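Below, each chain spelled out in residue letters.
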Amino acid sequence: SQMIVLASRPHGAPTSDNFRLETRELPALSDGELLVRNTVMSVDPYMRGRMNDVKSYVPPFQIDEPLDGGAVGEVVESRAEGFAEGDLVLHGLGWRDMAVVPAKAARKVSTNVGGAQVSPSAYLGALGMPGITAYGGLMRVGEFHSGDAVFVSGAAGAVGSLVGQIAKLEGASRVIGSAGSAQKIARLEELGFDAAFNYKDGDVRGLLKNAAPDGIDVYFDNVGGDHLEAAISSMNTHGRIAMCGAIAQYNSTEPPAAPRNLALVIGKRITIRGFIQSDFRDLVPEFQQKMATWLADGSVQWDETVVEGLENAPQAFMDLLNGANTGKMVVSI
Ligand code: NDP
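By the naming in an unreviewed UniProt entry, the protein goes by NADP-dependent oxidoreductase and is assigned to Dermacoccus nishinomiyaensis.

Draft legend 1. Up close: the sheet that holds strand β15 (residues 271-274). Pairing in this open sheet of 6 strands is parallel, and the strands run β12-β11-β10-β13-β14-β15 from one edge to the other. Sheet topology places β12 (195-198) and β15 at the edges, where each strand pairs with a single neighbour. Taking the axes of each pair of neighbouring strands and ignoring which way they run, one obtains an average angle of 15° across the sheet. Two elements, strand β14 (residues 235-243) and β15, share 4 bridges in a ladder whose sense is parallel. Among the inter-strand pairings, I241 is bridged to a residue of β15, identified as I272.

Draft legend 2. View of helix α2 (residues 129-141). The buried count for α2 comes to 12 of 13 residues, which makes it a mostly enclosed element. Looking only at α2, the buried set comprises M129, P130, G131, I132, T133, A134, Y135, G136, G137, L138, M139 and V141. Residues of α2 that are buried sit in contact with α3 (158-169), β13 (216-221), β14, β15, α8 (284-296) and β17 (328-332). Just downstream of α2 lies E143, where phi reads positive at about 45°.

Draft legend 3. Spatial organisation of the confidence of the model for the protein. Residue-level pLDDT values for the protein average 97, and 100% of them are 70 or greater. The ipTM value of the predicted complex is 0.99, and its pTM value is 0.98.

Draft legend 4. Inspection of the site of the ligand at higher detail. Near the ligand you find 29 residues, and of these G157, V159, G180, G245 and G323 are the closest. For the shell around the ligand, the secondary-structure elements that each account for two or more residues are α2, α3 and α9 (313-321). Of all the elements, α3 adds the most residues to the shell around the ligand, at 3 residues. In the shell around the ligand, the residues fall into 15 nonpolar, 11 polar and 3 charged.

Draft legend 5. Spatial organisation of unusual backbone geometry. In this structure, P259 follows A258 across a cis peptide bond, with omega equal to 5°. Turning to its location among the elements, P259 is positioned in the loop between β14 and α7 (264-267). Phi angles above zero are rare outside glycine, and W95 is one such case at about 65°. Topologically, W95 is positioned in the loop between β5 (88-91) and β6 (98-102). Note on W95: 28 C-beta atoms within 10 Å, which makes it buried.

Draft legend 6. Highlighting the packing of helix α5 (residues 204-211) against helix α6 (residues 225-234). Direction vectors running N to C along α5 and α6 enclose 40°, while the axes themselves pass 8 Å from each other. Relative to α6, α5 is oriented oblique. The interaxial crossing formed by α5 with α6 has right-handed handedness. Listed contacts from α6 to V204, R205, L208 and K209 of α5 are D226, H227, E229, A230, A231, S233 and S234. Counted by class, the contact of α5 with α6 contains 4 nonpolar, 3 polar and 4 charged residues.

Draft legend 7. Region of interest: the packing of α2 against α3. Between α2 and α3, the least distance of the axes is 8 Å, while the angle of their chain directions is 45°. Here α2 lies oblique to α3, going by the angle between them. The handedness of the crossing between α2 and α3 is right-handed. Each of P130, G131, T133, A134, Y135 and L138 in α2 lies in contact with α3, whose residues at this interface are A158, V159, L162, V163, I166 and A167.

Draft legend 8. View of the nonpolar core. Counting residues in hydrophobic clusters, the biggest one holds 95 residues, and the most contacted among them are L138, V150, I216, A231 and V331. At 7 residues, the largest contribution of residues to this core is made by α2. Counting the residues that make up this core, at least three belong to each of domain 1 (2-125 + 302-332) and domain 2 (129-276). In this structure L138 touches F144, V163, I166, A167, F220 and A242, once residues within four positions along its chain are discounted.

Conventions used here
Residues numbered from 1 in each chain as written. Predicted model: local features only at pLDDT ≥ 70, side-chain atom pairs only at ≥ 80, totals over all residues. Pairing = 2+ DSSP bridges. Helix = DSSP H or I, 4+ residues; strand = E, 2+ residues; numbered from the N terminus. Axes fitted to C-alpha atoms, helices over the stretch in contact; angles between N-to-C directions. Buried ≥ 20, exposed ≤ 12 C-beta atoms within 10 Å, placed from the backbone. Contact = placed C-beta atoms within 7 Å. pLDDT = per-residue confidence, 0-100. Near = placed C-beta within 6 Å. Nonpolar A, V, L, I, M, F, W, Y, C, P; charged D, E, K, R; others polar. Parallel < 35°, antiparallel > 145°, perpendicular 65-115°, else oblique. Left-handed = near helix turned anticlockwise from the far one by under 90°. Core = buried A, V, L, I, M, F, W, Y, C linked by C-beta atoms within 7 Å. Domains from an automatic or database assignment.

This is the structure:
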């Protein structure tokens, strides 16, 4: 089997030297296990944190060991009840072409959802981890109510594009998104965002003030730093900030300078709360039902950037951190 191993830990932005393609023999299949041929795998920003040797909510990757992460594949051989050859499964052993997967860590998935066809990769995106992140982060942590004005950063990415569309469907008065290119801004307008700006065009605080003249009630933060500072500045009284990610600092070697205006949180009675998507297990059935309907009737549009070939997975991951993706970045194997 071919796999990508962590050759060394990145310092700052990862480089191709940090990764290595290797061929290794797979262990024999035991009872309760599946042999899976992966067809698509996910690259996600959180993987950057796992490349550092620090304890977090997920353990770090180990040097000279294969990376892992979300993947969908086809069962080639099953020694587990309830799974048969040809089944499509979602599991956590990506970054390799073949995997021996404990059946209890695999979930059968279907490309037919509520009568509509979805690609297997949808389970790495709209119907999967980024989807529940967007839904739970907005509805529960952001305490979204119909009529709220919502700002989301990283808005053209996997999570952000869903946050904006869900907010509109759930009755937001105004949805504002920020992203890093003119093409992404054009796409956000097509997706139904009321306003969108390219954060590279100038001072984020001014750009947000201009896009949200009446302020915002919820900020869904994917970026941190100057975006968070701008959101605090534009926040209405009793506003909520759902801290999902801080991608502006994942590659930095120095702590961030912003937000410098944190004390505004007091007078504005702002709630700032972080979360991890696994907090939302109880919301998953409700979320899956809604998202399946939205995808089937076209009210949510789902973009993907697909990179071909396991050997290109490290580059896809590096490109993701640099904003090369619109929608979800996935690697087809
Ligand atoms: P995306 O699809 O949004 O891809 C990452 C995007 O981040 C890039 O496309 C790029 O877009 C943007 N970006 C990179 N550097 C910067 C920067 N310096 N400033 C602003 N934007 C930047 O990834 P996901 O949707 O998978 O994840 C989005 C966020 O959500 C991440 O912070 C991630 O860590 C977090 N997350 C948190 C979870 C949780 O449980 N808390 C679960 C899943 C994701 P651009 O061109 O716009 O710069």
